[in-house]
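For reference, the chains in residue letters:
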Amino acid sequence: MRTLLNRAHEFPTKQPYKIHRIVSYAADRKRVAGATGRVREAARQKERDIAQMQANTYSELGRVKEDLKELLDPQDPLAQARKEAS
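Residues numbered from 1 in each chain as written. Predicted model: local features only at pLDDT ≥ 70, side-chain atom pairs only at ≥ 80, totals over all residues. Heavy atoms only, no water.

Examining a nonpolar patch on the surface
On the surface, a cluster of nonpolar side chains totalling about 400 Å² of accessible area is made up of Leu4, Tyr17, Ile19 and Ile22. For Ile19, the location among the structural elements is in the loop between helix 1 (2-9) and helix 2 (29-72). Residue classification places Ile19 among the partly exposed positions, given a relative accessible area of 49%. (Patch = residues over 30% accessible without salt bridge, like charges linked within 9 Å, V, L, I, M, F, W, Y side chains within 5 Å. Areas by Shrake-Rupley, 256 points an atom, 1.4 Å probe, with all protein chains shown as cover. Salt bridge = Lys/Arg side-chain N within 4 Å of Asp/Glu carboxyl O. Helix = DSSP H or I, 4+ residues; strand = E, 2+ residues; numbered from the N terminus. Buried < 20%, exposed > 50% of the residue type's maximum accessible area, 1.4 Å probe, protein only.)

Structure, rendered in structure tokens:
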């Protein structure tokens, strides 16, 4: 198509091509749509997996943070005594 349009723009310096037959083709729309749908679903699943990993990581980090706070600022009397002794 691009070749035909370019040649038409060059008219009259160059004569247009004599066209005997035009054959065009396209990808099977159903297969392309199916593949696109599968790619999108895979991407959505990856997003869900990443979100779940982030939620698990944040949850675990929260527990670690609480454990560290407890170690640095103990609330029970025995731990308080150990902290003062050191």
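Examining the pattern of salt bridges
Summed over all chains, the structure comprises four salt bridges. Notably, a salt bridge pairs Glu66 with Lys69, separated by 3.7 Å at the nearest N-O pair. Placement of both Glu66 and Lys69 in helix 2 is noted, with a separation of three residues, approximately one turn of the helix. Lys69 gets classed as partly exposed once you look at its relative accessible area, which sits at 46%. Here the salt bridges share partners, and the residues they tie into one network are Glu41, Arg44 and Arg48.

Observations regarding the confidence of the model for the protein
Keep in mind that low pLDDT regions are not for reading the predicted coordinates in detail. Averaged over the protein, the pLDDT score is 79; the fraction of residues at 70 or greater is 85%. For the protein, the element scoring lowest by mean pLDDT is helix 3 (residues 77-85), at 73; helix 2 scores highest, at 83. (pLDDT = per-residue confidence, 0-100.)

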